[in-house]
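Survey of secondary and tertiary structure
Here is what each chain is made of, one letter per residue.
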Amino acid sequence: MTSIKDNLADIRQKITLAAERGGREADRIKLVAVSKRKPAAQIQEAIDAGQMLFGENYVQEAQEKIPLLPESTSWHFIGHLQSNKAKIVAELFDVVETIDSQKLADVLEKHLATHDRKMEGLIQVNIGLEKQKSGVMPEDVEPLLLHANKLEHLRIVGLMAMPPYMSDAEAVRPYFAKMRVLADQLEKKGLLGQQTKTELSMGMSGDFETAIEEGATIVRVGTAIFGTRN
Ligand SMILES: *Cc1c(COP(=O)(O)O)cnc(C)c1O
């Protein structure tokens, strides 16, 4: 088994090469190390190898692990978030990638305002139009942005997607391309990318290189860094 350090070096190299192929700047691409179901000791190993940005899916697990790790780390919430857990997430995380309703955006805003804290958010898009998956349908992103762009403490900076699972990364490419087109359309309408460059979070262990070629600015990689999860 290769070490977390070697895995990270390998992925950073692949990110650089994929960015070159896509004609993009590699330093514009953020690597979120997805540490769900991995112990704090392994996260510390990644930190020792220079990785400071992590992603977690479960509120309770994050609540236990994040306080054990250096304050200089940043955390993206990438799991399905229920409004009743939004308070904890608003206190603990730096970015919520999975905003999928007006209600969730409003509840996060309320808690952030209470703490006078600012946070960035991404809207999760159900780009594969899959019935059981979370995320808003592509046509519902615009009304959600029209509402959420008025919030003061939660700033929507882009879109996130988890396309249908496929073992062949090439088969996922059209979904990544659709996300890029959707983000471009929303930018043209002045709904995204007004204050900062639009973030596009897409691509995981099996397909992050393809996602980067198609415009990802954030990739979320777990298994390829930490090994398989139990
Ligand atoms: C678990 C997870 C990942 C990481 O998946 P890997 O295949 O282990 O890289 C990325 N994004 C989300 C939303 C996840 O839940």
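The present account deals with the structure reproduced in this document. Quick caveat: nothing in here was measured; it's all calculated off a predicted structure. (Residues numbered from 1 in each chain as written. Predicted model: local features only at pLDDT ≥ 70, side-chain atom pairs only at ≥ 80, totals over all residues. Heavy atoms only, no water.)

You can see Thr-16 is positioned in helix H1 (residues 4-21). Here Thr-16 falls in the partly exposed class, since its relative accessible area comes to 34%. With 46 residues separating them along the chain, Thr-16 and Ala-62 place their C-alpha atoms 30 Å apart. Within the structure, the side chain of Thr-16 is placed 3.0 Å from the backbone oxygen of Arg-12, a separation counted as a polar contact. (Helix = DSSP H or I, 4+ residues; strand = E, 2+ residues; numbered from the N terminus. Buried < 20%, exposed > 50% of the residue type's maximum accessible area, 1.4 Å probe, protein only. Polar contact = N/O pair within 3.5 Å; in protein donor to acceptor, adjacent residues only side chain to side chain.)

We now examine helix H7 (residues 169-188). Since the α-helix turns once every 3.6 residues, residues separated by three or four places project in the same direction. The first and last C-alpha atoms of H7 sit 29 Å apart over 20 residues, in line with the 28 Å expected at 1.5 Å per residue. Ala-169, Val-172, Tyr-175, Phe-176, Met-179, Leu-182, Ala-183 and Leu-186 are the residues of H7 that are buried. Against strand S5 (119-125), helix H6 (141-148), strand S6 (154-161), strand S7 (199-201) and helix H8 (208-213) lie the buried residues of H7. You can read the cap of H7 off the contacts: a side-chain oxygen lies 3.0 Å from the backbone nitrogen of Glu-170, and it is on Asp-168. (Expected span 1.5 Å × (residues − 1). Contact = heavy atoms within 4.5 Å.)

One finds Leu-108, Val-141, Leu-154, Leu-159, Ile-212 and Ile-225 to be the most contacted residues of the largest nonpolar core, which totals 66 residues. A per-element tally of this core places H7 first, with 7 residues. When residues no more than four places from it in sequence are discounted, the contact partners of Leu-108 are Leu-81, Ala-86, Ala-90, Val-96, Ile-99 and Leu-154. Val-32, Val-34, Ile-78 and Val-157 belong to the second-largest nonpolar core, a separate cluster that totals 8 residues. (Core = buried A, V, L, I, M, F, W, Y, C linked by side-chain atoms within 4.5 Å.)

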